[in-house]
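Summary of the model geometry
So the chains spell out like this:
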Amino acid sequence: MKIITAKYIYRDATYQENMGILYNNKIIKIAPLQSLQKEHPDIEPIRYDGNSIIYPGFINPHTHLEFSANRARLQFGSFIEWLYSVFAYREELVEALDASLMQNALQEMAQSGVTTIGAISSFGADMQVCKEAKQRVVYFNEVIGSNPATVDALFGDFQHRLEESIALADDSFYPAVAIHSPYAVHPILIQAVLNVAKSKNLPTTAHFLESKAEKEWLESNSGDFKELFAKYFNTATAVNTIDGFLKLFDNYPTLFTHCTQAEQEHFDYLNSHKHSVIHCPRSNRLLGCGRTQIEYVNNLLLGTDGYSSNYSLSILEELKAALMLHHKADLKLLASRLIESITTNASKALKLPVGELKEGYFADFAIFKLADDLEKNDNGSLALHTIIDCQQTEATIVGGETI
Ligand code: MCF
Ligand code: FE
């Protein structure tokens, strides 16, 4: 057993002083340091001095490790151009992929305080690396395919990958299900994989209303997707409507990524069905997708997406981008909300004992040091300065061990 302490610990969305955490691989007790020391005089506390903060390890619920070989191969600036470049180069990118590229990506996330990731796996090429990762991984086996003739084969391939991941499950590797998007997955296939997810109680995620092109296609079979679907899939009609797609997820809270083109009515629907929204501001900017109206979102999460649509996987950089993007929001309130998005909110959405400093939860910590001259005026200034001043953690701890 160990005791760790710092000037502040982030707990129940507040910054508490003079507290200590007793832990092994899980958090055993959180109490005033003095009382913990009295109970355990034999344990010398690990102390972080100065303006230090112990946060629960951060959660980045949306990344694509299999695209880690991309640097400038994919076209940024417009979603449709990006998509054409994915079709043209995804084989090349997967061939260029090796374990060290994915391990570097994991390491980059760890340095920014991320101790749990959601990895969207399109091919299964990242399974072993995720299994061996120092962080916890929610491993989202992706299903994609809109042609009804291929549904059986795609479902079979999905089941195979899912079973393989289920065989590896433990408390740092959680099998899960990703449905690519309303435009790229046939509703029969969605229904089939959702049935599996529900029967095994697996977390689910989907890209949703990411681009204007997607929205136009789903609403009126028009726009930039028309030519793409004619060319690659020989079809002129979308397989889902927006409402029909959402209805498939009723009664099964899901993590919907992007929602850049969603309007208030869509967010109302997502909120009323207890779904969460994963906001990826840098990906959205780089693919020309616009700004998500996060002011309508109840349970907001924050993700980096992959190197397919980003230039770094640091969650600290993602927080900075979000803070700058939503310029009409009150600065400190937004900063506090963003810290919640990568801790408490993500914990709730994934239903895992991570993302909060709570007895019985895993001893996953992200420890930061802030400027000495920072005074605690209110909670908002600590959240704000964590976001704007920190480039990396002092320490990142997973299951009680420094990684
Ligand atoms: O989130 C970004 C942009 N939106 C959609 N898909 C992806 C992203 N990064 C990687 N992808 C993958 C996706 O998982 O690209 C592939 C899928 O396997 C083709 S997109 C039809
Ligand atoms: Fe994505």
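Residues numbered from 1 in each chain as written. Chains lettered and ligands numbered in written order. Predicted model: local features only at pLDDT ≥ 70, side-chain atom pairs only at ≥ 80, totals over all residues. Heavy atoms only, no water.

Thoughts on unusual backbone geometry
- One non-glycine residue, Asp12, lies in positive phi territory at about 50 degrees.
- With respect to the helices and strands, the residue Asp12 is situated in the loop between β1 (2-11) and β2 (14-17).
- A residue is classified by how much of its surface remains accessible, and Asp12, at 59% relative accessible area, is exposed.
- For Asp305, which is not glycine, the phi torsion reads 60 degrees and is therefore positive.
- The residue Asp305 is located in the loop between β13 (300-302) and α12 (315-325) in this model.
- Residue Asp305 is classed as buried on the basis of its relative accessible area of 3%. (Helix = DSSP H or I, 4+ residues; strand = E, 2+ residues; numbered from the N terminus. Buried < 20%, exposed > 50% of the residue type's maximum accessible area, 1.4 Å probe, protein only.)

Looking at the pattern of salt bridges
- In the structure shown here, the tally under the stated rule is 13 salt bridges.
- Close ionic contact of Lys320 with Glu317 constitutes a salt bridge, the shortest N to O distance being 3.5 Å. One end of the pair is Lys320 and the other is Glu317, both in helix α12 and three residues apart, which spans about a single turn.
- Residue Glu317 is classed as partly exposed on the basis of its relative accessible area of 26%. (Salt bridge = Lys/Arg side-chain N within 4 Å of Asp/Glu carboxyl O.)

Thoughts on the domain arrangement of the protein chain
- Examined at the domain level, the protein chain breaks down into domain 1 (2-57 + 355-402) and domain 2 (58-350).
- If you look at the interface, domain 1 gives 30 residues, while domain 2 gives 30 residues.
- Run the count over domain 1 and domain 2 and you get one salt bridge.
- Applying the counting criterion to the domain 1 and domain 2 interface returns seven residue pairs in polar contact (both at pLDDT 80 or more).
- Contributing elements (two or more residues each) for the side of domain 1 that touches domain 2: β5 (46-56), β14 (365-370), α15 (379-389) and β15 (395-398).
- Among the elements that line the side of domain 1 that touches domain 2, the one with the most residues is α15, at seven residues.
- When its residues are assigned to classes, the side of domain 1 that touches domain 2 shows 17 nonpolar, ten polar and three charged. (Domains from an automatic or database assignment. Contact = heavy atoms within 4.5 Å. Polar contact = N/O pair within 3.5 Å; in protein donor to acceptor, adjacent residues only side chain to side chain. Nonpolar A, V, L, I, M, F, W, Y, C, P; charged D, E, K, R; others polar.)

Some details on the site of ligand 1
- Taken together, 17 residues surround ligand 1, and among them Ser122, Glu142, His207, Glu210 and Asp305 come closest.
- His64 places a polar side-chain atom, nitrogen or oxygen, 3.4 Å from a nitrogen atom of ligand 1.
- In the model, an oxygen atom of ligand 1 is placed 3.0 Å from a nitrogen or oxygen of the His207 side chain.
- When ligand 1 is considered free in solution it has 460 Å² of accessible area, and contact with the protein chains removes 97% of it.
- Examining the composition of the shell around ligand 1, we find that four residues originate from one element, helix α2 (residues 79-96), more than from any other. (Near = heavy atom within 4 Å. Areas by Shrake-Rupley, 256 points an atom, 1.4 Å probe, with all protein chains shown as cover.)

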